[in-house]
Amino acid sequence: MPIEKLRGWPLDVAISVAVGIGAVSEVFTNHLISPRTAALPCELFTATALVARRRYPLATVVAVSVSGAAEAIGGVAIDQPWVPLAAMMIATYTLVSRARVDRAVIGLLCTALAFAVQVIDQHKGFGNFAFGAAFVLPIFLVARAMRRREDQAEQEARQSEQLAIAAVEAERRRIARELHDVVSHGLGVMVLQAGAAQSVADRDPAKTRELLESIRLTGLEAVNELGTLLALVRAEPSDELVPAPRLTDLEPLVERMREAGLLVDLDLDISNLHRPLPAPLELSAYRIVQEGLTNALKYAAGSTVRVVVSCNEHSLDIDVTDSGRRGAPARGGNRQGLVGVTERVAVFGGRVHAGPVGEGWALRASLPLPS
């Protein structure tokens, strides 16, 4: 038997023993409870049935109801013993607080039927029925109210757990996007610059040194960004954290791409913006431009890329379009970058489109501005 089903048994046994002692006591001290040969077995059976009240709550209510009816049919006056009524209240509370509402209603009907049998068998009036109901019905209502509160608390706990899981998943995706953007961009630029340096190493040492220095600076920037990201993940505050990139960092980004051999024309026009942009929105805009430039560098090196970042009253619009080049490999790869862009835009409820334009490729996004 599972351990969790045994946890309440010591209490159940104690209640059963207490009710059994009460049964013996009232049967032998109350001379109006007669015949004892009918009262004592029924009440001891009632007490014993309470041991199973947690595991079989409905069966316990039925057993207690049948025992009470049998005691009345055996000739014991229904208005004398208190043990059957007390046991019924305990069994009813357990059933209603632990079982589904349909089973609780079945238990209540069994109790009402047992009361009716006792009243009819002993030719009592409705007052005796109402007397028993006055004890059991409030127990039913109180237990039902407590069950509703418990159900509501469990539902709120489940919702909180689901929200926590969703938050963890969202954070995991965010970190994955950041890692992809930092690593993909940094390594992509460094590989292309290394190739360029290799091609001119023999005939132009000065250019080679310039490319190698650019590789070093690109690597340092990537390392710094990764360090910042990992420190945030580990929740380790540091005075050396590099601030998250913003729109003002697009100029240095574009300059590095030019050094890597990409002809980039940047048009950054946010002069009509009358309030600061949220840092997460600026970071997403920066990463979208970075992704567009990295893809152009991979698939259209040597082409001309036009980057337009503008804003109006309602949105920040981004357009990264390259002219393409002959013989360039098909755009594709694992598409993780585009997935990351789509997720970034979805966070703000914006729109994104990526696809061929003439011989080139365009990445366009629109991020709604907060009202």
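Residues numbered from 1 in each chain as written. Predicted model: local features only at pLDDT ≥ 70, side-chain atom pairs only at ≥ 80, totals over all residues. Heavy atoms only, no water.

Q: Just to check I follow, could you spell out the overall build of the protein for this structure?
A: A tally of helices and strands in the protein yields ten helices and five strands. Classification of the 371 residues of the protein by burial places 38% in the buried group. If you take every contact in the protein between residues at least 6 apart in sequence, the share linking residues at least 24 apart comes to 71%. Carbon and sulfur atoms make up 62% of the accessible area of the protein, which amounts to about 20,300 Å² in all. (Helix = DSSP H or I, 4+ residues; strand = E, 2+ residues; numbered from the N terminus. Buried < 20%, exposed > 50% of the residue type's maximum accessible area, 1.4 Å probe, protein only. Contact = heavy atoms within 4.5 Å. Areas by Shrake-Rupley, 256 points an atom, 1.4 Å probe, with all protein chains shown as cover.)

Q: Can you walk me through the pairing of strand E1 (residues 263-269) in this structure?
A: The pairing of E1 with strand E2 (residues 304-311) spans seven bridges and is parallel. Looking at E2, one finds that aspartate 265 is bridged to arginine 306. Note on the crossover from E1 through helix H9 (residues 279-299) to E2: the handedness is left-handed. (Pairing = 2+ DSSP bridges. Right-handed = clockwise from strand over helix to strand, strands pointing away.)

Q: Help me understand the pattern of salt bridges, please; the structure alone is not making it clear to me.
A: Any two side chains of opposite charge can pair, on the condition that their charged atoms come close. Per the stated rule, a full pass over the model turns up eight salt bridges. Two residues, aspartate 12 and arginine 53, come together in a salt bridge whose shortest N-O distance is 2.8 Å. Of this pair, aspartate 12 sits in helix H1 (residues 9-29) while arginine 53 sits in the loop between helix H2 (36-49) and helix H3 (57-73), placing them 41 residues apart in sequence. As far as the burial class goes, aspartate 12 and arginine 53 line up, both buried. A salt bridge links arginine 364 to aspartate 319; the nearest nitrogen and oxygen atoms lie 3.0 Å apart. One end of the pair, arginine 364, is in strand E5 (residues 360-368); the other, aspartate 319, is in strand E3 (residues 315-322), with 45 residues separating them in the sequence. Salt bridges sharing common partners tie together Asp12, Arg53 and Arg54. (Salt bridge = Lys/Arg side-chain N within 4 Å of Asp/Glu carboxyl O.)

Q: So what exactly am I meant to see when it comes to helix H4 (residues 83-98) here?
A: Given 3.6 residues per helical turn, the α-helix brings residues three or four places apart onto the same face. Over its 16 residues, H4 extends 23 Å from the first C-alpha to the last, a length consistent with the 22 Å expected when each residue adds 1.5 Å. Of all the residues in H4, the buried ones are Val83, Pro84, Leu85, Ala87, Met88, Ala91, Thr92, Thr94, Leu95, Val96 and Ser97. (Expected span 1.5 Å × (residues − 1).)

Q: Would you mind going over the sheet that holds strand E4 (residues 351-357) with me for this structure?
A: Within the open sheet, the five strands sit side by side as E1-E2-E3-E5-E4. Their pairing is mixed. Every interior strand has two partners, whereas the edge strands, E1 and E4, have only one. For this sheet, the mean inter-axis angle between neighbouring strands, taken without regard to orientation, is 10°. Sheet analysis places E4 next to E5, joined by seven bridges and oriented antiparallel. By the bridge assignment, valine 352 is partnered in E5 with alanine 365. The strands touched by H9 are E1, E2, E3 and E5; relative to E3, the strand with the most contacts, the crossing angle is about 10°. (Axes fitted to C-alpha atoms, helices over the stretch in contact; angles between N-to-C directions.)

Q: Before we go on, may I ask you to explain a nonpolar patch on the surface in this structure?
A: Among the surface-exposed residues, Val13, Val17 and Ile21 lie close enough to one another that they form a single nonpolar patch of about 260 Å² accessible area. Mapped onto the elements of the fold, valine 17 is located in helix H1. Judged by relative accessible area, valine 17 falls into the partly exposed class, the value being 47%. (Patch = residues over 30% accessible without salt bridge, like charges linked within 9 Å, V, L, I, M, F, W, Y side chains within 5 Å.)

Q: Where do I start with the environment of valine 345 in this structure?
A: By the element assignment, valine 345 lies in helix H10 (residues 336-347). Exposure remark for valine 345: the relative accessible area of 2% places this residue in the buried category. Sequence spacing of valine 345 and leucine 281 is 64 residues, and the spatial spacing of their C-alpha atoms is 9.1 Å. Apart from residues lying up to four places away in sequence, valine 345 is in contact with Ile288, Gly350, Arg351, Val352, Ala365, Ser366 and Leu367.

Q: I would appreciate a short explanation of H2 in the present structure.
A: With 14 residues, H2 extends 19 Å between its outermost C-alpha atoms, agreeing within 8% with the 20 Å of an ideal straight helix rising 1.5 Å per residue. If you check which residues of H2 are buried, you get Ala38, Ala39, Cys42, Glu43, Thr46, Ala47 and Ala49. For H2, the angular spread of the buried residues around the axis is 160°, confining them to a single face. H2 presents Thr37 and Thr48 as exposed residues on the side facing more than 90 degrees away from its buried surface. In the core, the buried residues of H2 are packed alongside H1, H3 and H4. (Arc of directions from axis to C-beta.)

Q: Teacher, can you tell me more about the packing of helix H8 (residues 250-259) against H9 here?
A: Describing two packed helices takes the angle between their axes plus the distance from one axis to the other. The N-to-C vectors of H8 and H9 enclose an angle of 5°; their axes lie 11 Å apart at closest approach. For the element pair H8 / H9, the angle class is roughly parallel. Here H8 contributes Leu250, Leu253, Val254, Arg256 and Met257 to the contact with H9, which in turn contributes Tyr286, Val289, Gln290, Leu293, Thr294 and Leu297. Looking at the contact of H8 with H9 residue by residue, the class counts come to eight nonpolar, two polar and one charged. (Parallel < 35°, antiparallel > 145°, perpendicular 65-115°, else oblique. Nonpolar A, V, L, I, M, F, W, Y, C, P; charged D, E, K, R; others polar.)

Bear in mind that shape data such as this cannot, by itself, settle questions of function.
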